[in-house]
Amino acid sequence: MNYDLNGPAHPDRPPSCALLNRAECAKLLTEAGYPTSRTTLATLASRGGGPLYRKYGRIAVYRWSDALEWAEARLGTFRTTAAEGALLNRNGAQAQGGR
């Protein structure tokens, strides 16, 4: 992949408006620290819950900015210990009428 070095914030990443096929999108998300496979993107395109995409003929294409936004939205909150996650889950359940 050849990217315009003046366009992206990082020379190894595409500009935010770049259209990527499913394999390219999965590869770049993984390289950016969001491990994602091509098959995961295909499954999510069928079932829902994945990044926005468009069709170019039979090929699904993803805009890099949409894929990155989707991946970042899947991140959990910052924590200092694993116990914080359990506390957050327990408090969330209490706030919703759970135990």
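Structure: above.
Residues numbered from 1 in each chain as written. Predicted model: local features only at pLDDT ≥ 70, side-chain atom pairs only at ≥ 80, totals over all residues. Heavy atoms only, no water.

**Student:** In this structure, what is going on with the environment of asparagine 21? I would like to understand it.
**Tutor:** Position of asparagine 21 relative to the elements: it lies in strand 1 (residues 19-21). The spatial distance from the C-alpha of asparagine 21 to the C-alpha of tryptophan 64 is 10.0 Å, given a sequence separation of 43 residues. Once residues within four sequence positions are removed from consideration, asparagine 21 is found in contact with Ile59, Ala60 and Tyr62. Polar side-chain contacts of asparagine 21 include one of 3.1 Å to the backbone nitrogen of alanine 23. (Helix = DSSP H or I, 4+ residues; strand = E, 2+ residues; numbered from the N terminus. Contact = heavy atoms within 4.5 Å. Polar contact = N/O pair within 3.5 Å; in protein donor to acceptor, adjacent residues only side chain to side chain.)

**Student:** Any chance you could explain the packing of helix 1 (residues 22-31) against helix 2 (residues 38-47) here in plain terms?
**Tutor:** Packed helix pairs are specified by the crossing angle of their axes together with the interaxial distance, meaning the distance between the axes. Closest axis-to-axis distance for the helix 1/helix 2 pair is 8 Å, and the angle between their directions is 115°. Crossing of helix 1 against helix 2: the hand is right-handed. In contact with Arg22, Ala23, Cys25 and Ala26 of helix 1, helix 2 contributes Arg38, Leu41, Ala42 and Ala45. Class assignment of the residues belonging to the contact of helix 1 with helix 2 gives a composition of six nonpolar, no polar and two charged. (Axes fitted to C-alpha atoms, helices over the stretch in contact; angles between N-to-C directions. Left-handed = near helix turned anticlockwise from the far one by under 90°. Nonpolar A, V, L, I, M, F, W, Y, C, P; charged D, E, K, R; others polar.)

**Student:** I'm lost on the sheet that holds strand 2 (residues 54-56) in this one. Help?
**Tutor:** The strands making up a sheet associate through backbone hydrogen bonding, with each pair oriented either parallel or antiparallel. The strand order 1-3-2 describes an open sheet built from three strands, whose pairing is antiparallel. In the strand order of this sheet, the two ends are held by strand 1 and strand 2, each with one partner. Between one strand and the next, the sheet's axes are offset by a mean angle of 45°, whatever the strand orientation. Note that strand 1 and strand 3 (residues 59-63) share three bridges and pair antiparallel. Following the sheet pairing, leucine 19 is matched in strand 3 by arginine 63. Sheet strands in contact with helix 1 are strand 1 and strand 3, and its direction is about 100° off that of strand 1. (Pairing = 2+ DSSP bridges.)

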